[in-house]
Amino acid sequence: LCSDMAATDMAELLTKLDPENRGLLVDVLGDLIDPEAFSYIDQDIRYDLFVTMPSARIAAIVNGLESDDAISLINDLDEDRQGEILRNLSRKVRA
C-alpha cells in the first residue's frame, strides 16, 4: 500500500510519524519509497533519517533525483558524509 503512494503523500506520512516509526518505515520499505519523497521532507527530519542511513542507500536516493534536488539533499549533510555519498553515486550522476 505505501509503495504506491505519491512522493508528496509519502513525505507527509513520514513527517507525521514519530522518529522511531519513521525510521522503521524507511527501513522496511527501502527502495520502494520514491526518492522524490525525500526532497519534500523537512530538512531536519531528513537529516535525522540520513544520519542512521548507510551512505550507499542515500546515494541510491540521490541517484533517483533531479540534479537540483540531489544537490540540495547532499548539501544538507556534513562534509565527511557528503564525500561518502559522492563516492557511492553512479558515474552518470557525478558527471
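Conventions and cut-offs
Residues numbered from 1 in each chain as written. Predicted model: local features only at pLDDT ≥ 70, side-chain atom pairs only at ≥ 80, totals over all residues. Heavy atoms only, no water. Salt bridge = Lys/Arg side-chain N within 4 Å of Asp/Glu carboxyl O. Helix = DSSP H or I, 4+ residues; strand = E, 2+ residues; numbered from the N terminus. Buried < 20%, exposed > 50% of the residue type's maximum accessible area, 1.4 Å probe, protein only. Lys, Arg positive; Asp, Glu negative; His and termini not counted. Contact = heavy atoms within 4.5 Å. Patch = residues over 30% accessible without salt bridge, like charges linked within 9 Å, V, L, I, M, F, W, Y side chains within 5 Å. Areas by Shrake-Rupley, 256 points an atom, 1.4 Å probe, with all protein chains shown as cover. Charge placed at Lys NZ, Arg CZ, Asp CG, Glu CD. Polar contact = N/O pair within 3.5 Å; in protein donor to acceptor, adjacent residues only side chain to side chain.

(A) Highlighting the pattern of salt bridges. Scanning all chains against the criterion turns up three salt bridges. For R46, the salt bridge is made with D76, and the minimal N-O distance between the two is 2.4 Å. Of this pair, R46 sits in helix 4 (residues 43-52) while D76 sits in the loop between helix 6 (67-75) and helix 7 (79-88), and the two are 30 residues apart along the sequence. Overall, the relative accessible area of 5% leaves R46 in the buried class.

(B) The side chain of R81, seen in detail. By the element assignment, R81 lies in helix 7. Of the side chains bearing the opposite charge, E84 lies closest to the buried R81, which forms no salt bridge; the N-O distance is 4.1 Å. Once residues lying within four places of it in the same chain are set aside, the contact partners of R81 are F50, V51, M53, P54, S55 and I58.

(C) Quick look at a negative patch on the surface. A surface patch of negative charge is lined by D34, E36, E66 and D68. Relative to the assigned elements, D34 resides in the loop between helix 2 (19-29) and helix 3 (36-40).

(D) Expanded view of the environment of F38. Turning to its location among the elements, F38 is positioned in helix 3. Of the residues examined, F38 reaches a relative accessible area of 0% and is grouped as buried. Here the alpha-carbon distance between F38 and G83, two residues 45 residues apart in the chain, equals 19 Å. Residues within four places of F38 in sequence aside, it is in contact with V26, I33, R46, L49, F50, M53, R57, I61 and L73.

(E) Layout of helix 7. For helix 7, the complete set of buried residues consists of R81, Q82, G83 and I85. Residues of helix 7 that are buried make contact with helix 4, helix 5 (55-63) and helix 6. Taking the backbone nitrogen of D80 as reference, a side-chain oxygen 3.2 Å away marks D78 as the first, capping residue of helix 7.

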